[in-house]
Amino acid sequence: MIGLPAGTRVWVAAGMTDMRKGFDGLAGLAQTALTQDPFSGHVFVFRGRRGDIIKLLWWDGQGLCLFAKRLEKGRFVWPQADSGAVSLTPAQLSMLLEGIDWRMPARTWQPQRAA
């Protein structure tokens, strides 16, 4: 994914979103459902009904960018709430995009004693 500027927040829209929505529809959801300004430079993430498609909306300072990703296997891990928003860190967003459970990532390797 494109590197985000420092201070950029990531907002995940809880619940399901109609994936037929485009720039204007998702910007409207960010404004009404999430009560955030879609032109703030923050990233807004929306998930489809089946859970295998997400769309990200981001204002880069010149225009809105719309990114979409579809998983060939599995589902994106999503908050249990039906409405509202959850704030993620850019690292958690990276895990979400990779299909990793961003809520409780587990290390696969633990450092051993040095001596």
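Look above for the structure.
Everything quoted here is computed from the prediction, not taken from an experiment.

Participant: Please explain the packing of aromatic side chains as it appears in this structure.
Facilitator: For any pair of aromatic rings, the description rests on two quantities: the centre-to-centre distance and the angle between the ring planes. With the rule as written, the count across this model stands at 1 aromatic pair. Between Phe39 and Trp59, the ring centres sit 5.2 Å apart and the planes meet at 90°, which makes this aromatic pair edge-to-face. Of this pair, Phe39 sits in the loop between α1 (23-32) and β2 (43-47) while Trp59 is found in strand β3 (residues 53-59), placing the two residues 20 residues apart along the sequence. Note on Phe39: relative accessible area 44%, which makes it partly exposed.

Participant: Teacher, can you tell me more about the pattern of salt bridges here?
Facilitator: Where side chains of opposite charge bring their charged atoms close, a pairing between them can arise. The tally for this structure, following the rule as stated, stands at 3 salt bridges. Where Asp18 meets Arg20, a salt bridge forms, and the shortest distance between an N and an O atom there is 2.9 Å. For Asp18, a relative accessible area of 33% corresponds to the partly exposed category. A residue is classified by how much of its surface remains accessible, and Arg20, at 75% relative accessible area, is exposed. Between Arg70 and Glu72 there is a salt bridge, with its nearest N and O atoms 2.9 Å apart. What makes Arg70 exposed here is its relative accessible area of 52%.

Participant: Just checking my understanding: could you explain the side chain of Lys55 for this structure?
Facilitator: Structurally, Lys55 can be placed in strand β3. Salt bridges are absent for the buried Lys55, whose nearest opposite-charge side chain, Asp18, sits at 7.6 Å. In this structure the side chain of Lys55 is engaged in a polar contact, spanning 2.7 Å, whose partner is the backbone oxygen of Met19. Within the structure, the side chain of Lys55 is placed 2.9 Å from the backbone oxygen of Lys21, a separation counted as a polar contact. The contact partners of Lys55, leaving out residues within four places of it in the chain, are Met19, Lys21, Leu26, Phe44, Val45, Phe46, Leu66, Phe67 and Ala68.

Participant: Would you mind showing me how to read the nonpolar core here?
Facilitator: The tendency in soluble globular proteins is for nonpolar side chains to be buried as a group. In terms of nonpolar packing, the biggest core is built from 18 residues, with Val43, Val45, Ile54, Leu56, Trp78, Leu93 and Leu96 touching the most fellow members. Elements represented by at least two residues in this core include exactly β1 (10-13), β2, β3 and α2 (90-97). Here the element with the most residues in this core is α2; it accounts for 4 residues. In terms of nonpolar packing, the next biggest core, distinct from the first, is built from 10 residues, Trp11, Ala13, Ala30 and Leu57 among them.

Participant: Just to check I follow, could you spell out the pairing of β2 for this structure?
Facilitator: On a regular strand, each side chain points to the face opposite its neighbour's, so the side chains alternate between the two faces of the sheet. Taking burial as the measure, the 5 residues of β2 include 5 buried ones, the bulk of the element. Direction of pairing for β1 relative to β2: parallel, over a ladder of 3 bridges. Among the inter-strand pairings, Val10 is bridged to a residue of β2, identified as Val43. After leaving β1, the chain enters α1 and then returns to the sheet as β2, a path that is right-handed. Where β2 lies against β3, 5 bridges are found, and the strand directions are antiparallel. Following the sheet pairing, Arg47 is matched in β3 by Ile54. Counting the residues in the hairpin turn of β2 and β3 gives 5 residues, including Gly51, whose phi is positive at 90°.

Rules and cut-offs
Residues numbered from 1 in each chain as written. Predicted model: local features only at pLDDT ≥ 70, side-chain atom pairs only at ≥ 80, totals over all residues. Heavy atoms only, no water. Phe/Tyr/Trp six-rings, centres within 6.5 Å; stacked < 30°, edge-to-face > 60°. Helix = DSSP H or I, 4+ residues; strand = E, 2+ residues; numbered from the N terminus. Buried < 20%, exposed > 50% of the residue type's maximum accessible area, 1.4 Å probe, protein only. Salt bridge = Lys/Arg side-chain N within 4 Å of Asp/Glu carboxyl O. Lys, Arg positive; Asp, Glu negative; His and termini not counted. Polar contact = N/O pair within 3.5 Å; in protein donor to acceptor, adjacent residues only side chain to side chain. Contact = heavy atoms within 4.5 Å. Core = buried A, V, L, I, M, F, W, Y, C linked by side-chain atoms within 4.5 Å. Pairing = 2+ DSSP bridges. Right-handed = clockwise from strand over helix to strand, strands pointing away.

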